[in-house]
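Listed below are the residues making up each chain.
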Amino acid sequence: MALTLEDVGRKCGVSRSTVSRVVNDSPLVNNATKERVRKAIKELNYAPNLIARSLTKNRTDTLAITLPDITGGVFPEILAGMDEVASGRGYHLLVVFLGGARAKSSDVVEQLFSQRRADAIVTVASTVEDAELVRMAKENLPIVCAAHKSPAPNIPSVLFDNVGGAALATQLLLAHDRRRIVHIRGPKDNYDAGERARGFHDGLRKAGLTPDPQLEVEGDFKREGGIAGIRQILERGTDFDAVFAGNDEMAIGAIEELKRQGKSVPREIPVVGFDDIESARFVGLTTVRVPMRELGRVAARLAFDLIDGTPPGKIHVLPTEIIERASTVTGVKAKTLRLDGV
């Protein structure tokens, strides 16, 4: 039979309410009594009922995070940033994966709030549909969008400067005298993919070039998407002299396929990615660095602002920068480039 607060109280001669106050570290109990109760708790090996405590405190000390998956190097870094902030507040992270054959986001998010399993939710990327976010916004539920633009004014969002970063990547390739740049973009309905494609177009137009649909293919943000993208361009017979991929995984796949097809990288075809995941550093990939861990920190802080009743700002955009490596210049050491903005 599980021990109760009454059992602990009887052992040390105090009331149930006093034991409860000690468990919740209330300042209303003097230090001597606290020590006596804590000693009894230890001797009895009593474990507080965390569910009951959360109901009493009207909080769970848990921050829920929804992710599409854990592949690649982006999401683990975002989680690490969130955990830094959450642990500083004495909170735990509850990570929920959404997508594929899993339950619909609306069902999962509804359960998180209705079953009181989290005090706030951070949705990363497009894991919760905009219609569902709008519905929850009307109920004033504490939600933050990370790496996805919020569709509702009372749901804050924290974003990377995808447009500016993609424009910088394009500008870099243009500076290497490349004019027929292939863009392997991310999934059609993905927010980041759309913004990076827009920045690519902006960079071309600023240089007086018109975007060519024959030089663009849709990928899936995975290595296989980069391989398929290069094969598709080659099958079209379209001339090209550079590649800008919508993320690093596709860029790495593109380099593999280019070399397989006898193309020299970077002498014939320089390649630029986006994100600066760990593997990009090992393969010498020039890329757009995004502050992944900082995005996690900012998203968690916004969530705690909502929990504390402090209205956060609506949109927070984090800057990006170019890191040039061997995939654009032979023998180059990694260096940070801040080119003219677009």
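Up top you'll find the structure we're talking about.
Cut-off values and rules
Residues numbered from 1 in each chain as written. Predicted model: local features only at pLDDT ≥ 70, side-chain atom pairs only at ≥ 80, totals over all residues. Heavy atoms only, no water. Axes fitted to C-alpha atoms, helices over the stretch in contact; angles between N-to-C directions. Helix = DSSP H or I, 4+ residues; strand = E, 2+ residues; numbered from the N terminus. Left-handed = near helix turned anticlockwise from the far one by under 90°. Contact = heavy atoms within 4.5 Å. Nonpolar A, V, L, I, M, F, W, Y, C, P; charged D, E, K, R; others polar. Phe/Tyr/Trp six-rings, centres within 6.5 Å; stacked < 30°, edge-to-face > 60°. Buried < 20%, exposed > 50% of the residue type's maximum accessible area, 1.4 Å probe, protein only. Arc of directions from axis to C-beta. Core = buried A, V, L, I, M, F, W, Y, C linked by side-chain atoms within 4.5 Å. Pairing = 2+ DSSP bridges.

**Things to note about the packing of helix α1 (residues 5-12) against helix α3 (residues 31-44)**
Logical step 1: Following both chains from N to C, one finds α1 and α3 inclined at 115°, their axes separated by 9 Å at the closest point. Seen along the crossing, α1 lies across α3 with a hand that is right-handed. Residues Asp-7, Val-8, Lys-11 and Cys-12 of α1 lie in contact with α3, whose contacting residues are Arg-36, Val-37, Ala-40, Ile-41, Glu-43 and Leu-44.
Logical step 2: A per-class count over the contact of α1 with α3 returns six nonpolar, no polar and four charged.

**Observations regarding the packing of aromatic side chains**
Logical step 1: Under the counting rule described, the total for this entry stands at two aromatic pairs.
Logical step 2: A ring pair is formed by Phe-200 and Phe-244, whose centres lie 6.1 Å apart and whose planes are at 40°; its orientation type is tilted. Pair noted here: Phe-200 is in helix α9 (residues 191-206) and Phe-244 is in strand β8 (residues 242-245), with a separation of 44 residues, a long-range link. Across the pair, Phe-244 and Phe-200 agree in class, each one buried.

**Regarding helix α7 (residues 130-138)**
Logical step 1: Among the residues of α7, those classed as buried are Glu-132, Leu-133, Met-136 and Ala-137. Seen from one end, α7 has its buried residues packed into an arc of 140°, which puts them on one side. The exposed set on the far side of α7, more than 90 degrees from its buried face, consists of Ala-131 and Lys-138.
Logical step 2: Phi turns positive, to about 60°, at Asn-140, one or two residues after α7.

**Some words on the nonpolar core**
Logical step 1: Val-122, Val-124, Ile-184, Val-243, Phe-244 and Val-271 are the most contacted members of the largest nonpolar core, which has 67 residues in total.
Logical step 2: Here Val-243 is in contact with Leu-173, Ile-181, Val-182, Ile-184, Ile-230, Ala-254, Leu-258, Ile-269, Pro-270, Val-271 and Val-272, once residues within four sequence places are set aside.
Logical step 3: Counting 12 residues, the second-largest nonpolar core is a separate cluster that includes Val-8, Val-23, Val-29 and Tyr-46.

**Description of the sheet that holds strand β1 (residues 62-67)**
Whether parallel or antiparallel, the strands of a sheet pair through hydrogen bonds between backbone atoms.
Logical step 1: Read across the open sheet, the six strands follow the order β2-β1-β3-β4-β5-β11; overall the sheet is parallel. The sheet is open, and its two edges are formed by β2 (92-97) and β11 (315-318), each paired on a single side. Each strand axis lies, on average, 20° off the axis of its neighbour in the sheet, ignoring direction.
Logical step 2: Looking at chain direction, strand β3 (residues 120-124) and strand β4 (residues 143-146) are connected through four bridges and run parallel. Across the sheet, residue Ile-121 finds its bridge partner in β4, namely Ile-143.

**What to know about the side chain of Thr-238**
Logical step 1: Locating Thr-238 in the fold gives a position in the loop between α10 (223-236) and β8.
Logical step 2: The exposure class of Thr-238 is buried, given its relative accessible area of 12%.
Logical step 3: Ignoring any residue separated from it by four or fewer positions in sequence, one finds Thr-238 in contact with Arg-180, Gln-214, Leu-215 and Ile-233.

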